[in-house]
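For reference, the chains in residue letters:
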Amino acid sequence: MISSAIVREIETETGFRVLPSSGKSVSGGCIHQSAIFETEGGGSLFVKQNNSEALKLFETEFRSLEWLASTETIRVPRPFHFGEMVGTSYLVLEALSLSNRSDSDSSRKMGQALARLHSAADDRCCDDRFGADYDNFIGATPQSNPWTESWADFFTKHRLEHMFQLAAKRGKLFQDRGRLLGAVHSHLSSLDISPSLLHGDFWGGNASFDMNGDPVLFDPASYMGDREADIAFTRVFGGFGPGFYEAYRETFPEPEPIRETIYNLYHILNHFVLFGGGYGDQADTMIREIMGSR
């Protein structure tokens, strides 16, 4: 449970007065402890906490939410504060009431909103670079985002090669990784890709709707990249209806399937790094598919 000392710190930093005994523990994913607090005239606060080592993770989530919110294209929980106290780090967000809507109208709204996000201009990338001005995390895995001129360089080095190195530390060497990196770099170099602001971890568990049926995104891992990387990850675990894709494609064309496999290899490798098991075999299958397409 969130300690009373952290609650007092939250009141000091946000200016909200937390109502006594209002803390209610809720699900915060598989990494953090979370609770919702009611405030006097300020609505509800969603508070995540973890040990002090998670402070950087909370800081980068805070910054990604600020970045997404600045585009005014899609709703995200308003980030209020992050900090550390007595070995405990925490993040304070706006608590949103969410609905489990699955109707075609809401699905289309999600696709339209994501397309608006991917179309939004941002002065951080005015020179057409890829990356971000901070590193962040994909799940619990560190994600490096150095500003890079070439998308092919960025994705092969800071996404796939990085994951292959982490997988090796977990005991799995992918025999074709060198040839795979060369093939991916060659393929991406042949494409004309402009930077878009990405959610970065866009799967069904990180997307929902408010009580009006309007889309909401949370738990981002944002950076400037190929917009197709966000769309690709929606296919891995499902949860997005036909209306979502139809609405998105009213703005952007359908990509070639092999690019979807290339981008999702990053996430499957990350799942192997985090959880092991059959994700390694799945990555091997994807590598063969990519190599067979060249």
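Right, let's walk through the structure included here. (Residues numbered from 1 in each chain as written. Predicted model: local features only at pLDDT ≥ 70, side-chain atom pairs only at ≥ 80, totals over all residues. Heavy atoms only, no water.)

1. Concerning the nonpolar core
It is characteristic of soluble globular proteins that their nonpolar side chains tend to be buried jointly. Core analysis: the biggest nonpolar cluster contains 70 residues, and Met-110, Trp-151, Phe-155, Leu-160, Leu-180, Tyr-263 and Leu-265 have the highest contact counts within it. Val-7, Leu-45, Tyr-90 and Val-92 belong to the second-largest nonpolar core, a separate cluster that totals 14 residues. (Core = buried A, V, L, I, M, F, W, Y, C linked by side-chain atoms within 4.5 Å. Buried < 20%, exposed > 50% of the residue type's maximum accessible area, 1.4 Å probe, protein only.)

2. A look at empty space enclosed by the protein
A full pass over the atoms with the stated rule returns one cavity of 30 Å³ or more. Its boundaries defined by the atoms lining it, the largest cavity holds a volume of some 90 Å³. Considering the residues around the largest cavity, the lining is formed by 14 residues, among which Gly-200, Tyr-223, Ala-229, Tyr-266 and His-267 are closest to the centre. At the level of secondary structure, the elements contributing two or more residues to the lining of the largest cavity comprise helix H4 (151-169), helix H6 (228-237) and helix H8 (257-275). Of the residues contributing to the lining of the largest cavity, the split by class is eight nonpolar, three polar and three charged. (1 Å grid on protein atoms, 1.4 Å probe; cavity = no way out; pocket = protein on both sides within 12 Å on 5 of 7 lines; lining within 4 Å. Points joined across faces, edges and corners; volume = space filled by probe spheres on them. Helix = DSSP H or I, 4+ residues; strand = E, 2+ residues; numbered from the N terminus. Nonpolar A, V, L, I, M, F, W, Y, C, P; charged D, E, K, R; others polar.)

3. Let's talk about helix H9 (residues 279-292)
Across its 14 residues, H9 extends 20 Å between first and last C-alpha, which sits within 8% of the 20 Å expected from 1.5 Å per residue. Burial in H9 covers these residues: Gly-280, Ala-283, Met-286, Ile-287, Ile-290 and Met-291. Down the axis of H9, the buried side of the element spans an arc of 135°, and every buried residue falls inside it. Every exposed residue of H9 that faces more than 90 degrees away from the buried side is listed here: Asp-281, Arg-288 and Gly-292. Against H4, helix H5 (177-189) and H8 lie the buried residues of H9. (Expected span 1.5 Å × (residues − 1). Arc of directions from axis to C-beta. Contact = heavy atoms within 4.5 Å.)

4. Points about helix H3 (residues 104-119)
Counted at 1.5 Å a residue, the expected span for H3 with its 16 residues is 22 Å, and the 23 Å between its end C-alpha atoms agrees. Among the residues making up H3, those that are buried are Ser-106, Ser-107, Met-110, Gly-111, Ala-113, Leu-114, Ala-115, Leu-117 and His-118. If you follow the buried residues of H3, they end up packed against helix H2 (55-70), strand E9 (196-198), strand E10 (207-210), strand E11 (215-217), H6 and helix H7 (242-249). A side-chain oxygen of the first residue of H3 lies 3.2 Å from the backbone nitrogen of Asp-105; this N-cap is Asp-103. (Polar contact = N/O pair within 3.5 Å; in protein donor to acceptor, adjacent residues only side chain to side chain.)

5. A few points about the packing of aromatic side chains
Summed over the entire model, instances satisfying the criterion amount to 19 aromatic pairs. Centre to centre, the rings of Phe-244 and Tyr-245 are 4.9 Å apart; their planes meet at 85°, and the pair counts as edge-to-face. With respect to burial, Phe-244 and Tyr-245 carry one shared label: buried. Each member of the aromatic cluster is reached from another via a ring pair, and the members are Phe-130, Trp-151, Phe-154, Phe-155, Tyr-223, Tyr-263 and Tyr-266. Over the aromatic face of Phe-174 sits the side chain of Lys-172, whose NZ or CZ is 4.8 Å from the ring centroid. Its end group placed over the ring of Tyr-245, Arg-235 keeps NZ or CZ at 3.9 Å from the ring centre. (Phe/Tyr/Trp six-rings, centres within 6.5 Å; stacked < 30°, edge-to-face > 60°. Lys NZ or Arg CZ within 6 Å of the ring centre and 35° of its normal.)

6. Focus on the pattern of salt bridges
For side chains bearing opposite charge, pairing can occur when the charged atoms are close. What the rule picks out here adds up to 18 salt bridges. Linking Lys-48 and Asp-219 is a salt bridge whose minimum nitrogen-to-oxygen distance equals 2.7 Å. With Lys-48 in strand E3 (residues 44-51) and Asp-219 in the loop between E11 and strand E12 (223-225), the pair connects residues that are 171 residues apart, well separated along the chain. With relative accessibility at 4%, the residue Lys-48 sits in the buried group. Classification of Asp-219 by relative accessible area gives partly exposed; the value is 29%. Note that Arg-179 is salt-bridged to Asp-176, the shortest N-O span being 3.5 Å. In this structure Arg-179 comes out as exposed when scored by relative accessible area, which is 53%. Of the residues examined, Asp-176 reaches a relative accessible area of 31% and is grouped as partly exposed. (Salt bridge = Lys/Arg side-chain N within 4 Å of Asp/Glu carboxyl O.)

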